[in-house]
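The chain contents come next:
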Amino acid sequence: VLTITGPDPACVGNASYRTEAGMIDYTWNVSAGGSITAGATTRQISVKWNNDGPQTVSVNYTNAGGCSALTPTVKNITVNPSPTPTIIGDNLVCANGTNEVYTTESGMDTYTWGVSSGGVITSGAGTNEVTIAWSTGGAKIVTVNYLNAFSCSASTPTQYNVTVKPLPIPIITGKSTVCVGDIDVVYTTESGMSGYDWQISAGGSITSGTGTNSITVTWNNVGPQQVSVNYINADNCTANSSTIMNVDVQDLPVPTINGSNGGCLGSVTTYSTEAGMNTYVWNTSAGGTIVGGAGTNEISVLWNTAGPQTVEVDYITPIGCEPLNPTLKNIVVTTLPIPTISGSNSVCQGVSGNVYTTETGMTDYTWTVSAGGTITSGIGTDQIEVSWLDDGPQTVALNYQDANGCTALTAYEYNVNVKTAPVPTIS
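1. Digging into the overall build of the chain
Then, number 1: When helices and strands are tallied, the chain shows zero helices and 37 strands.
Then, number 2: A compact globule built from 427 residues should have a C-alpha radius of gyration of about 22 Å, whereas the chain, at 55 Å, is more than 25% larger.
Then, number 3: Dimensions of the chain along its principal axes, counting C-alpha atoms only, are 195 × 55 × 25 Å.
Then, number 4: Across the 427 residues that make up the chain, the buried fraction comes to 37%.
Then, number 5: Contacts in the chain between residues far apart in sequence, at least 24 positions, make up 56% of those at least 6 positions apart.

2. Some words on unusual backbone geometry
Most peptide bonds take the trans form, and the phi angle of most residues other than glycine is negative.
Then, number 1: Looking along the chain, the bond that leaves Asp 8 and enters Pro 9 is cis, with omega of 5°.
Then, number 2: Even without a glycine there, the phi angle at Asn 236 is positive, about 65°.
Then, number 3: A positive phi angle, close to 55°, is found at Asp 364, a residue other than glycine.
Then, number 4: Along the polypeptide, Asp 364 turns up in strand E33 (residues 363-369).
Then, number 5: For Asp 364, a relative accessible area of 53% gives the class exposed.

3. Points about the nonpolar core
Then, number 1: Counting residues in hydrophobic clusters, the biggest one holds 16 residues, and the most contacted among them are Ile 172, Val 178, Tyr 187, Trp 198, Trp 219, Val 227 and Val 247.
Then, number 2: When contributions to this core are tallied by element, the ones reaching two or more residues are strand E17 (185-188), strand E18 (194-200), strand E20 (214-219), strand E21 (223-232) and strand E22 (243-250).
Then, number 3: Discounting residues that sit within four places of it in the chain, Val 247 has contacts with Lys 175, Ser 176, Val 178, Tyr 187, Trp 219, Gly 223, Pro 224, Gln 225 and Val 227.

4. Focus on the pairing of strand E4 (residues 34-38)
Regular strands place their side chains on alternate faces of the sheet.
Then, number 1: With four bridges joining them, E4 and strand E5 (residues 44-49) adopt antiparallel strand pairing. Bridge pairing links Ala 38 to Ser 46 in E5.
Then, number 2: Between the end of E4 and the start of E5, which pair antiparallel, lie five residues, with Gly 39 showing a positive phi angle near 80°.

5. Thoughts on the side chain of Thr 103
Then, number 1: Considering the arrangement of structural elements, one finds Thr 103 in strand E10 (residues 100-103).
Then, number 2: Sequence-distant contacts of Thr 103, that is, excluding residues within four places in its chain, are made with Thr 86, Ile 87, Ile 88, Trp 113, Asn 128 and Glu 129.

6. Examining the sheet that holds E4
Then, number 1: With antiparallel pairing, three strands are arranged side by side in an open sheet as E2-E5-E4. The open sheet has two edge strands with one neighbour each: strand E2 (13-18) and E4. Ignoring which end each strand starts from, the neighbouring axes of this sheet average 35° apart.
Then, number 2: As paired elements, E2 and E5 share six bridges and run antiparallel to each other.

7. Description of the packing of aromatic side chains
Then, number 1: Applying the stated criterion across every chain, the model contains twelve aromatic pairs.
Then, number 2: Consider the rings of Tyr 26 and Tyr 61, whose centres lie 5.6 Å apart with planes at 65°: the pair is edge-to-face. You can see Tyr 26 sitting in strand E3 (residues 24-30) and its partner Tyr 61 sitting in strand E6 (residues 53-62), a full 35 residues away along the chain. Of the two residues examined, Tyr 26 and Tyr 61, each falls in the buried class.
Then, number 3: An aromatic cluster of at least three residues, connected via ring pairs, comprises Tyr 102, Trp 134 and Tyr 160.

8. Notes on the state of the cysteines
Then, number 1: Taken as a whole and judged by the stated rule, the model has four disulfides.
Then, number 2: Between the sulfur atoms of Cys 94 and its disulfide mate Cys 237 the distance is 1.9 Å. Judged by the sign of its S-S torsion, about -95°, the bond between Cys 94 and Cys 237 is left-handed. In this pair, Cys 94 is assigned in strand E9 (residues 92-94) and Cys 237 in the loop between E21 and E22, connecting sequence segments 143 residues apart. Accessibility assignment for this pair places Cys 94 and Cys 237 in one class, buried.
Then, number 3: There is a disulfide in this structure between Cys 264 and Cys 406, and the S-S distance comes to 2.0 Å. Around the S-S axis, the bridge from Cys 264 to Cys 406 shows a dihedral of about -100° and counts as left-handed. Taken as a pair, Cys 264 in strand E23 (residues 262-264) and Cys 406 in the loop between strand E36 (392-401) and strand E37 (412-419) lie far apart in primary sequence, 142 residues in all.
Then, number 4: Cys 264 gets classed as buried once you look at its relative accessible area, which sits at 9%.
Then, number 5: Once the disulfide-bonded cysteines of the chain are ranked by sequence position, their pairing pattern turns out to be 1-3, 2-5, 4-7, 6-8.

9. Here's the deal with the environment of Thr 305
Then, number 1: With respect to the element layout, Thr 305 can be found in the loop between strand E27 (298-303) and strand E28 (307-316).
Then, number 2: Here Thr 305 falls in the partly exposed class, since its relative accessible area comes to 39%.
Then, number 3: Sequence separation between Thr 305 and Leu 265 is 40 residues, and the spatial gap between their C-alpha atoms is 6.2 Å.
Then, number 4: Setting aside residues no more than four positions away along its own chain, Thr 305 makes contact with Leu 265, Gly 287 and Val 333.

Each value, and the rule that gives it
- Residues numbered from 1 in each chain as written.
- Predicted model: local features only at pLDDT ≥ 70, side-chain atom pairs only at ≥ 80, totals over all residues.
- Heavy atoms only, no water.
- Helix = DSSP H or I, 4+ residues; strand = E, 2+ residues; numbered from the N terminus.
- Rg over C-alpha atoms; globule rule 2.2 N^0.38 Å.
- Buried < 20%, exposed > 50% of the residue type's maximum accessible area, 1.4 Å probe, protein only.
- Contact = heavy atoms within 4.5 Å.
- Core = buried A, V, L, I, M, F, W, Y, C linked by side-chain atoms within 4.5 Å.
- Pairing = 2+ DSSP bridges.
- Axes fitted to C-alpha atoms, helices over the stretch in contact; angles between N-to-C directions.
- Phe/Tyr/Trp six-rings, centres within 6.5 Å; stacked < 30°, edge-to-face > 60°.
- Disulfide = S-S within 2.5 Å.

Written out as structure tokens, the structure reads:
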């Protein structure tokens, strides 16, 4: 007695049927709704059921005694329909989509969902509705299969193609180093987007452009500040977090002027300020003339008029910061000293200890005498002693630096008449 074992009922799709082992000349047949895909001359065949409804499988063989059944054994099969799952959900999403919902037919059993790399099922596995979080952009796939009321499943899961769009990365262009009080500082990002969301730290204020791709900002406070932006691109995607641009708001400079507070009439004095700046602008009051260094951080000034004078400077820092006002330095220009010399202007040749004096309390006393005399003491002081060796007209000259640091333009000369010493004779 030939037997046939295998699924009944079966599902549209693949099934396997077998009979007794150890026979020969196995002959299998299936009704028109199916086809034998493997094992047609063996004890076990693979069948693909293409149509649902009543179907049959039959077999005959020759046993060890060389006998065959008068008629094949026929097995009646009820082939139930397999489902064709459908998937409904957004097929164009953003890479930060965390709550994308995909559904299939309800009322089924053993739901099996799958998702390609870059997506994670966050809820609903085993039900007809899942939530997926997409983390990376590109072409993705969602799959599903289930058992229908006949306990049949699709031969292959249904695939649903999803395009995950990458998130935008907004770019901010604009000055990252500015001066406190700067107005109309422009910051821009990509054009053609929507939902522009600009934010600025407390040290600044947006004066125009809110909701567009370009804003103008006024910086009110010194120190580290920030500008940030986010938007929705053409794919309706937005960055997970805003792009931040750090801005250094620098204080306005206050130039310093280095140099003496006093000047000497007719002399040249040097004044300097910070190096490494741009667009140095120096000015002096009417009593002075800049004779060197204009446009640099160090100038030379010739003082032409005694009395109160001024020097001022302005510049621009390398990042474009400019003082609110130039720095002004007050100068007192004093007249030059006029040294005087007291002492004998008529002396005898060969007499030493001739004393010459000048004003006390000065510095850098510089005495000289003509070739006919020699300073014997007091060099560098306000009083010297001279020995006159040669007769005739001689001179004593002097210069010094007064309390204001000024020196006469030329040394003062004092004329001395050295009389010829007598040569007594004895007769």
